[in-house]
Amino acid sequence: MDRIRIHGGVPLKGIIPIGGAKNAALALMPACLLTEDTLTLANLPHLADIATMANLLTQHGVALTLNGESGNGDACGRTLDLSAANITSTTAPYDLVRKMRASVLVLGPLLARFGQARVSLPGGCAIGTRPVDLHLKALEQMGARIVLDGGYIVAEAGGRLKGAHIIFPQVTVGGTENLLMAATLGDGETVIANAAREPEVADLAYCLVAMGAKIEGIGTGTLRIQGVERLHAARYSVVPDRIETGTYAVAAAITRGDVELVGARFDLMESVTKVLTDCGAEIQETPRGLRVKADAAEITGTDIMTEPYPGFPTDMQAQLMALLATAKGASMITETIFENRFMHVPELMRMGARINVHGASAIVRGVPRLSGAQVMATDLRASVSLILAGLAAEGETVVNRVYHLDRGYERVEEKLAACGARIERIKGEAAE
Ligand code: EPZ
């Protein structure tokens, strides 16, 4: 397994391009199942999770054609044609679903268009138990009959799903996405209350509208969908990744550098830019994205709490913790979305961070300098927080299990090296 070796202490200076959002793409790709026409997705990031979703869709019979790089301006990712004209299977098998929980997003569209779906129940994962009960209850409200059989969700609609009034008792990104897709082909009106407002959900909704869906309230907590009989071809460009943007913004701040994040959407970054500004970094919107400047900054501690969008994202919690570990003073970080998302804490502590976890909160007492170490993590954002810590640490850091990073960050070492970081990938040596 690959590893990443970093010699820390270099302030990052330069430009980092931001790719399409992984979590938007993972919802947009299964949307192709809703129509027999071709869905073309541009600005698709080149990531392991995208390949896993592509494999799953191929297994259902979706024909995929990669059209190379679209390469102009802010949309510089790949372009993929997805055609679900000839679906051969409505089963999402265990072997693929266990690799990636977002696989459950095929459930809503398969059920809506084919009246049946059999999807392996995703297990727990490194950040918590993560059930899909809310997805299932809401689909049942639309008339689906769902049983759990041999580790599989077996769902049948016996015709079209029926419009319903769904109130999610808690905000769920995947649940909102599954229901939104299902409701586009439902019979009548569906209202989703307490819907997730994450930009990735809005991106899916805009793409569905381009495919002919009738959706009101995009970006708000109430989505109103008038079901239509069929959707059609569309071309859609994936929104820039706000978590990749935030991660590199922290890279600039933690190294006391000055970096422009080109292609980033400033308007989607408010909660993160507020926290970074509170800590002492300077952030400006630029014509191409945003600039983070911390070369003259004294980074100070601050308190954060993760919340659904527009609150501070749980997917940025580990990265902020790395920054706050080097800040002046103490900070409190409270994680409210996932019950087990502090696995990076012991690894950061091996690098000299001073952190105490009490239930869902962590007290971080900043230290003047972290020190390099061998580290590893079992989740994507935890892994990248160790890269960030390594960029700021004295000496050599080796991050093992880079597999997790490759799921969500495209060419991370190249992007950082282009800004002066001393970072390299060590190919395929025994890591653990
Ligand atoms: C999405 O996961 C993201 N994944 C996650 O990104 C992100 O951390 C999360 O939203 C929160 O923002 C993708 O978009 C592919 P949820 P999702 O349903 O949809 C509980 C990353 O690093 N819940 O909003 O699975 C659940 O256990 C990742 O890129 C239920 O109890 O998240 C959690 O505590 C990891 N029952 C909370 O709700 C349900 O049926 C929020 O989960 C559904 C969710």
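Description of the structure in this document. (Residues numbered from 1 in each chain as written. Predicted model: local features only at pLDDT ≥ 70, side-chain atom pairs only at ≥ 80, totals over all residues. Heavy atoms only, no water.)

As a further point, take the overall build of the chain. Along the chain, the regular secondary structure elements total 14 helices and 24 strands. When the backbone C-alpha atoms are referred to their principal axes, the chain occupies close to 65 × 45 × 45 Å. Counting only carbon and sulfur atoms, one obtains 50% of the accessible surface of the chain, whose full area is about 16,300 Å². (Helix = DSSP H or I, 4+ residues; strand = E, 2+ residues; numbered from the N terminus. Areas by Shrake-Rupley, 256 points an atom, 1.4 Å probe, with all protein chains shown as cover.)

Turning to the pattern of salt bridges, a few remarks are in order. Counted according to the given criterion, the structure contains 23 salt bridges. A salt bridge links arginine 425 to aspartate 2; the shortest N-O distance between them is 3.0 Å. Pair noted here: arginine 425 is in strand E24 (residues 422–426) and aspartate 2 is in the segment before strand E1 (3–7), with a separation of 423 residues, a long-range link. Judged by its relative accessible area of 16%, aspartate 2 is buried. Ionic pairing is found between arginine 350 and glutamate 347, a salt bridge with its closest N-O pair at 3.9 Å. (Salt bridge = Lys/Arg side-chain N within 4 Å of Asp/Glu carboxyl O. Buried < 20%, exposed > 50% of the residue type's maximum accessible area, 1.4 Å probe, protein only.)

The next subject is the nonpolar core. Within the largest apolar cluster, 83 residues are counted, with the highest numbers of intra-cluster contacts made by Met29, Leu33, Leu41, Leu57, Leu180, Leu208 and Ile215. No other element matches the 6 residues that helix H7 (residues 199–210) contributes to this core. The residues touching leucine 57, leaving out its near neighbours within four places in the chain, are Met29, Pro30, Cys32, Leu33, Val62, Leu82 and Val106. (Core = buried A, V, L, I, M, F, W, Y, C linked by side-chain atoms within 4.5 Å. Contact = heavy atoms within 4.5 Å.)

Before going further, it helps to examine the sheet that holds strand E12 (residues 214–216). Here we have 4 strands laid out as an open sheet, ordered E10-E11-E13-E12, and mixed in their pairing. The outermost strands of the open sheet, each flanked by one partner alone, are strand E10 (165–167) and E12. This sheet shows a mean twist of 15 degrees between the axes of neighbouring strands, independent of strand direction. Bridging between E12 and strand E13 (residues 222–226) involves 3 bridges; their strand directions are antiparallel. The residue of E13 that forms the bridge with isoleucine 215 is isoleucine 225. Strand contacts of helix H6 (residues 173–184): E10, strand E11 (189–193), E12 and E13, with the helix running at about 25 degrees to E13, the strand carrying the most contacts. (Pairing = 2+ DSSP bridges. Axes fitted to C-alpha atoms, helices over the stretch in contact; angles between N-to-C directions.)

In the contact formed by helix H5 (residues 133–141) and H6, the axes pass within 8 Å of each other and the chain directions differ by 25 degrees. The pairing of H5 with H6 is recorded here as roughly parallel in orientation. Relative to H6, H5 is oriented so that their crossing is right-handed. When H5 is examined against H6, the residues His135, Ala138 and Leu139 are found in contact with a partner set consisting of Gly174, Gly175, Asn178, Leu179 and Ala182. (Parallel < 35°, antiparallel > 145°, perpendicular 65-115°, else oblique. Left-handed = near helix turned anticlockwise from the far one by under 90°.)

Our next topic: the pairing of E1. Summarising the sheet, E1 and E24 pair through 5 bridges and their orientation is antiparallel. Bridge assignment links arginine 5 to a residue of E24, and that residue is glutamate 424. When E1 meets strand E23 (residues 396–400), the two strands line up antiparallel, connected through 4 bridges. When the sheet's bridge partners are listed, isoleucine 6 is paired in E23 with threonine 397.

An order of E6-E7-E9-E8 is seen for the 4 strands of this open sheet, with the pairing classed as mixed. At either end of the open sheet lies a strand with only one pairing partner, and these are strand E6 (91–92) and strand E8 (145–149). As paired elements, strand E7 (residues 116–120) and strand E9 (residues 152–156) share 5 bridges and run antiparallel to each other. Paired with glutamine 116 across the strands is glutamate 156, a residue of E9.

Now for the site of the ligand. Every one of the 22 residues lining the ligand counts as a neighbour, but Asp133, Leu134, Thr172, Asp315 and Ile337 are closest to it. Contact between the ligand and arginine 381: an oxygen atom at 2.8 Å from a side-chain N or O atom of the residue. Secondary-structure elements contributing two or more residues to the shell around the ligand are helix H1 (22–28), H5, H6 and helix H12 (380–392). Partitioning the shell around the ligand into residue classes produces 10 nonpolar, 6 polar and 6 charged. (Near = heavy atom within 4 Å. Polar contact = N/O pair within 3.5 Å; in protein donor to acceptor, adjacent residues only side chain to side chain. Nonpolar A, V, L, I, M, F, W, Y, C, P; charged D, E, K, R; others polar.)

Take the environment of glutamate 189 next. Looking at where glutamate 189 falls in the secondary structure, it is placed in strand E11. In this structure glutamate 189 comes out as partly exposed when scored by relative accessible area, which is 33%. Those residues in contact with glutamate 189, other than ones at most four positions away along the chain, are Gly163, Ala164, Arg224, Ile225 and Gln226.

Our next topic: the packing of aromatic side chains. Applying the stated rule across the entire model yields 0 aromatic pairs. Sitting over the ring of tyrosine 152, arginine 118 keeps its end group 4.2 Å from the ring centre. (Phe/Tyr/Trp six-rings, centres within 6.5 Å; stacked < 30°, edge-to-face > 60°. Lys NZ or Arg CZ within 6 Å of the ring centre and 35° of its normal.)

Here the focus is H7. With 12 residues, H7 should reach 16 Å at 1.5 Å per residue; the first-to-last C-alpha distance of 16 Å fits that figure. For H7, the buried fraction is high: 9 of the 12 residues fall into the buried class. Taken together, the buried positions of H7 are Pro199, Glu200, Val201, Ala202, Asp203, Leu204, Ala205, Cys207 and Leu208. As for H7, its buried residues are in contact with H1, strand E3 (38–44), H6, E12, strand E14 (234–237) and helix H8 (242–254). Backbone geometry just downstream of H7 places glycine 212 in the positive-phi region, at approximately 110 degrees. (Expected span 1.5 Å × (residues − 1).)

The next thing to look at is the packing of H8 against helix H10 (residues 317–324). Orientation of H8 relative to H10, taken along the N-to-C sense of each, is 5 degrees, at an axis distance of 10 Å. Put simply, H8 runs roughly parallel to H10. Residues Ile243, Thr247, Val250, Ala253 and Ile254 of H8 form the contact with H10, whose participating residues are Gln319, Leu320, Ala322 and Leu323. Of the residues contributing to the contact of H8 with H10, the split by class is 7 nonpolar, 2 polar and no charged.

Now for H8. With 13 residues, H8 extends 18 Å from end C-alpha to end C-alpha; this agrees with the ideal 18 Å at 1.5 Å per step. For H8, the buried fraction is high: 13 of the 13 residues fall into the buried class. Structurally, the start of H8 carries an N-cap: the backbone nitrogen of isoleucine 243 is 2.9 Å from a side-chain oxygen of aspartate 241. Trailing H8 by a residue or two, arginine 256 shows a phi angle of about 55 degrees, which is positive.

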